[in-house]
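# Survey of secondary and tertiary structure
What follows is the residue order along each chain.
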Amino acid sequence: MRFDTNKKNTAKKRFNLGEFKLLLSLSLQALETNRLRTILTTIGIIIGIATIIIVLSAGRGLEKYIIDQVEAFGADTIEVEMKIPNVSDMEMMSAMMRGAEITTLKVEDFEALKELPNIGNYYAGILGQFKTVYRNNSKTAMIYATTAGLTEIDKQIKIGQGRFFNEKEEKSQAKIAVLGYDLKEELFGAENAIGKSIKINQVNFKVIGVTEKRGGIFYFNYDKMIFVPLKTAQKQLLGVDHVIYGFLQVKDLSKTSETVADITSIMRKRHSLPPDNPDKDDFRVTSMQEALEMMGVVTFGITLLVLAVAGISLVVGGVGIMNIMYLTVLERTREIGLRKALGAKNKIIERQFLLETIIITGLGGVAGIIFGSIVVVLIEWVSGSLGYSFGLTITLDAVLLAISAALLFGIAFGLYPARKASHLSPVEALRYE
Amino acid sequence: MHKEPLLSIKDIKKDYVTGEIVTHALRGVDFEVHEGEFIAIMGHSGSGKSTMLHILGFLDTPSSGQYFFDGTDTTKLTEDDLAEIRNKKLGFVFQAFNLLPRTSALDNVRMPMIYAGIDEKIQFEKAKKALAAVGLSHRLKNNPNELSGGEQQRVAIARALINNPRLILADEPTGNLDSKSTEEIMGIFDDLHRKGHTIIIVTHEDNVSDHAEKIVRMKDGMVFERKISEKHEYIAHNKPRD
Ligand SMILES: Nc1ncnc2c1ncn2[C@@H]1O[C@H](COP(=O)(O)OP(=O)(O)OP(=O)(O)O)[C@@H](O)[C@H]1O
Ligand SMILES: [Mg+2]
């Protein structure tokens, strides 16, 4: 009887169901007999993957949140606001806290700026705080005195019931008001507010509209405000004739910087300021486009930070898995030597380990994605019920990154050592230490 | 004996290189084994017995020399071919038993059949029979850590025999066992020999080598003595026949 070496190698098949069944039973048996190792490794992968999902969605959410906040003011607008000349932002803030006021910015300035060919509509406003009463309910509310253009430029202010005031009403000092959603609830409850009369600082106003719920942005909570025509508020409530800021709508965004320059020179002329000394300016011009570009830098920074954190969590998870794998390499190398001594071919051993790796990282990966997503949804749900929405989103690239990370772990810590071991001679593997 | 030998090695050398130091574990060994022989390899520690057995069993490759097994020049075979020989034509018994941990006796014995691609139902039938033959019918489901040394070695023997090999190789199979277990294990080897199996056993103990027909003595990586065991006939004749 001769040993026939040629018979076997001629029949090469792509996929062999019998062999797959064999590998599956070998892999499952190995995973089952080493249950503790299987569980620990899977947990390591679950934690690593879940962390990636959570960190990346948090980063994405934060990024989106910031951009949304800026865009809420309208990406196609230029802001003109009052400023104390010759001082830094910090000094100005503290000066204002102490009650300093700049009263040179007027709605007439905006009327004039509107004549620029690249400017469409505008709105300008000023804020105040007054006691507001409906029947027995009273509330100290933020009054947003504004021109009628507000709702046209800030598209996020939506009217739920009734309507917003128009230009004619604003100019004629009509004593009408639009309530923020929450404030309406607080003053009126379920009762219909439209057409009812409320008292703001003892002055009667008629409610003509209620906004839709919007949620707070930065320190502004529009839902708790009362919108009142600018002229009315200036004369009846505040006793002033200036505004603190206004937004101008840009028609052609590509000409924004020229328009900013035009606005600056018109404003200097109107306020009798020297034409070329920014230190003396009592106003500041900012285009939202510039602001968004600045935000782009900020969000890029956030993205980098998020990636760094995700990277660290990957390393931490990876080290955990590596430790478990490392502890078992000795035993597994001997096992490989023994299997080879009993007649296992290298490719069968490699495929068994590949399948084990796929099963562990597959299970761990899927469980990690589910676990991470549950945490993300929970955070959203809890923060949502507290009135904040971070807008955490699970994105496809996070999932893909997580899956590739899981596979990388599996290959680096499971497959690579097995491959190395299977190329030792059976004796070398059996003697390994 | 005019029949072709089951295996023959010619001028086999094995060098181990550890850094600068080269150990000549085998310095040119010639050796023949005929079908049905029961040979004991003896010699001092470090004389190259295990190295020789590993090469005979294709667990390790020689540095030089020729090895004919079952009529084939094995130096030209691929790794897969060698795996196939180990699987179908050889059975190993190690001093340290080398059972898969946390795996039942039955599954340990099945392992060579799994790699041989034998039908699962037949695997279980044959494995049960093989364990019964070594007196372990009542230990099928036990893991190695639940078995005594002698029992573990009997599982290993059942595993070595399961694919009906041409040659059984055992490296100090009784080295970790007490005298009673040693006698039991050697009784099994005697039976196998009587049934016509070819057996090579490495041992330090005279009461083990006494069971073999031939004794080969090694020294410094060379075979320096071959002789017929005097006690073999006596033991063989005084064993009760079954
Ligand atoms: N992997 C190795 N690397 C280096 N030297 C080795 C290696 N394996 C064996 N040797 C050396 O080869 C020689 C023969 O070793 P071998 O294991 O064959 O001896 P042995 O006769 O089986 O000894 P013992 O009776 O103690 O088991 C020894 O000198 C040993 O140190
Ligand atoms: Mg030895």
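Preceding block: the structure.
The written sequence of each chain sets the order in which its residues are numbered from 1. Throughout, the order in which chains and ligands are written sets their labels, letters from A for the former and numbers from 1 for the latter. Local features in this predicted model are restricted to residues whose pLDDT is 70 or higher, and side-chain atom pairs enter the listing and the counts only when it is 80 or higher, whereas totals over whole chains, interfaces and linings include all residues. Excluded from the side-chain calculations are hydrogens and water; all other atoms, namely the structure's heavy atoms, are used.

### Concerning the overall build of chain B
Note the following rule: Under the DSSP-based scheme used, a helix requires at least four consecutive residues in state H or I and a strand at least two consecutive residues in state E, with every element numbered from the N terminus. Three exposure classes are used, based on accessible area relative to the maximum for each residue type with a 1.4 Å probe and protein chains only: buried under 20%, partly exposed in between, and exposed over 50%. Under the convention used here, a 1.4 Å probe and the Shrake-Rupley method define accessible areas, while residue burial counts only the protein chains that appear.
A tally of helices and strands in chain B yields eight helices and ten strands. Looking at the 242 residues of chain B, the share that counts as buried comes to 55%. For chain B, the accessible surface area stands at approximately 11100 Å², while carbon and sulfur atoms represent 50% of it.

### Overview of the interface of chain B and chain A
Interface size is commonly expressed as the accessible area that is lost once the parts come together. Just so we agree on the cut-off: We call two residues contacting when some pair of their heavy atoms lies within 4.5 Å. Here's the idea: put two parts together, see how much 1.4 Å probe accessible area each one loses, and the total over both is what we call buried area. Here a salt bridge means any side-chain nitrogen of Lys or Arg lying within 4 Å of a carboxyl oxygen belonging to Asp or Glu. Think of a polar contact as two N or O atoms within 3.5 Å of one another; within protein, one of them needs to be a possible hydrogen donor and the other a possible acceptor, and neighboring residues in sequence only count if both atoms come from side chains. Residue type decides the class: Asp, Glu, Lys and Arg count as charged, Ala, Val, Leu, Ile, Met, Phe, Trp, Tyr, Cys and Pro as nonpolar, and the leftover types, Gly among them, as polar.
The partner chain A presents 28 residues to the 34 residues of chain B that form the contact. Where chain B abuts chain A, roughly 2900 Å² becomes buried across the two surfaces, and 55% of that area is made up of carbon and sulfur atoms. Note that Lys340(A) and Glu79(B) form a salt bridge whose closest N and O atoms lie 3.5 Å from each other. Applying the counting criterion to the chain B and chain A interface returns nine residue pairs in polar contact (both at pLDDT 80 or more). Residue assignment for the side of chain B that touches chain A shows that the elements contributing at least two residues are helix 2 (79-88) and helix 3 (105-116) of chain B. Looking at which element gives the most residues to the side of chain B that touches chain A, the answer is helix 2 of chain B, with eight residues. Classifying every residue of the side of chain B that touches chain A by side-chain character gives 15 nonpolar, six polar and 13 charged.

### Overview of the pairing of strand 5 (residues 176-179) of chain A
All names here are of chain A. What counts, and what does not: At least two bridges found by DSSP between two strands are what make those strands a pair.
Burial along strand 5 is two-sided: Ile 176 and Val 178 facing one way and Ala 177 and Leu 179 facing the other are all buried. Of the pairings in the sheet, the one linking strand 5 to strand 8 (residues 225-229) comprises two bridges and is antiparallel in character. Residue pairing in the sheet places Leu 179 in a bridge with Ile 226 of strand 8.

### Section: the nonpolar core
Defined as follows: Buried Ala, Val, Leu, Ile, Met, Phe, Trp, Tyr and Cys residues form a nonpolar core when they are joined through side-chain atoms within 4.5 Å.
Residues Phe31(B), Met52(B) and Ile200(B) are the most contacted members of the largest nonpolar core, which totals 52 residues. Formed by 47 residues, the second largest nonpolar core is a distinct cluster that contains Ala145(A), Leu179(A), Val228(A) and Leu248(A).

### A closer look at empty space enclosed by the protein
Residues and elements named next belong to chain B. What counts, and what does not: Here a cavity means grid points, on a 1 Å grid over the protein atoms only, where a 1.4 Å probe fits yet cannot get out; a pocket means an open set of points with protein on both sides within 12 Å along at least five of seven lines; lining residues are those with an atom within 4 Å of a point. Grid points are joined across faces, edges and corners, and a volume is the space filled by probe spheres set on the points.
This model, assessed by the stated rule, comprises three cavities of 30 Å³ or more. Approximately 80 Å³ is the volume attributed to the second largest cavity. As for the second largest cavity, its lining consists of 13 residues, of which Arg 86, Leu 90, Gly 91, Arg 159 and Ala 160 are closest to the centre. Going through the elements one at a time, helix 2, strand 6 (90-93) and helix 5 (149-161) are the ones with two or more residues in the lining of the second largest cavity. Residue composition of the lining of the second largest cavity, grouped by class: eight nonpolar, three polar and two charged.

### A look at helix 9 (residues 230-238) of chain A
Buried within helix 9 of chain A are the following residues: Leu230(A), Lys231(A), Thr232(A), Ala233(A), Gln234(A) and Leu237(A). Among the residues trailing helix 9 of chain A, Gly239(A) stands out with phi positive, at a value near 70 degrees.

### A short note on the packing of aromatic side chains
Test applied: Whether two aromatic rings pair depends on their centres lying within 6.5 Å, for rings of Phe, Tyr and Trp, where Trp uses its six-membered ring; planes under 30 degrees apart make the pair stacked, over 60 edge-to-face, and the rest tilted. Sitting over a ring, as applied to charges here, requires NZ of Lys or CZ of Arg to be within 6 Å of the ring centre and within 35 degrees of the ring normal.
By the definition in use, this model includes 13 aromatic pairs over all chains. Look at Tyr123(A) and Phe247(A): their rings are 5.5 Å apart centre to centre, the planes differ by 25 degrees, and that puts the pair in the stacked class. With Tyr123(A) in strand 2 (residues 119-134) and Phe247(A) in strand 9 (residues 245-250), the pair connects residues that are 124 residues apart, well separated along the chain. Here Lys219(B) stacks its cationic end above the ring of Phe224(B), 5.9 Å away from the centre of that ring.

### Here we look at the site of ligand 1
Rules: For this purpose, a residue is taken to be near a molecule or strand whenever a single non-hydrogen atom of the residue falls within 4 Å of it.
The immediate surroundings of ligand 1 are formed by 15 residues, with Ser45(B), Gly46(B), Lys49(B), Ser50(B) and Thr51(B) found nearest. Those chains with residues close to ligand 1 are chains A and B. Contact between ligand 1 and Ser45(B): an oxygen atom at 2.5 Å from a side-chain N or O atom of the residue. Take Thr51(B): an N or O atom from its side chain is 2.5 Å from an oxygen atom of ligand 1. Protein coverage of the free-state accessible area of ligand 1, which is 630 Å², stands at 68%. Where the shell around ligand 1 is concerned, the elements lending two or more residues are strand 1 (7-18), strand 2 (21-33) and helix 1 (49-56) of chain B. Per-element accounting of the shell around ligand 1 gives the leading share, three residues, to helix 1 of chain B.

### Some words on helix 1 of chain B
Residue and element names in this part refer to chain B. Buried residues dominate helix 1, accounting for seven of its eight residues. Buried within helix 1 we find Lys 49, Thr 51, Met 52, Leu 53, His 54, Ile 55 and Leu 56. One or two positions beyond helix 1, positive phi appears at Phe 58, with a value near 60 degrees.

### Observations regarding the environment of Val133(A)
Residues and elements named next belong to chain A. The topology assignment puts Val 133 in strand 2. By relative accessible area, Val 133 is classed as partly exposed at 25%. Separated by 69 residues in sequence, Val 133 and Gln 202 place their C-alpha atoms 8.3 Å apart. For Val 133, the contacting residues outside a window of four places in its chain are Ser 138, Ile 198 and Lys 199.

### Topic: the side chain of Asp109(A)
Residues and elements named next belong to chain A. By the element assignment, Asp 109 lies in helix 5 (residues 107-113). By relative accessible area, Asp 109 is classed as buried at 2%. Among residues more than four places away in sequence, those in contact with Asp 109 are Thr 104, Met 267, Arg 270 and His 271.

### Section: a nonpolar patch on the surface
All names here are of chain A. What counts, and what does not: Each patch is built from residues that are more than 30% exposed by relative accessible area and take part in no salt bridge. Like charges join if they lie within 9 Å; nonpolar side chains (Val, Leu, Ile, Met, Phe, Trp, Tyr) join within 5 Å.
A cluster of nonpolar residues, Val 366, Ile 370, Ile 374, Leu 378, Trp 381, Val 382 and Leu 386, forms a patch on the protein surface that exposes about 730 Å² of accessible area. Along the chain, Trp 381 turns up in helix 12 (residues 346-385). The exposure class of Trp 381 is exposed, given its relative accessible area of 61%.

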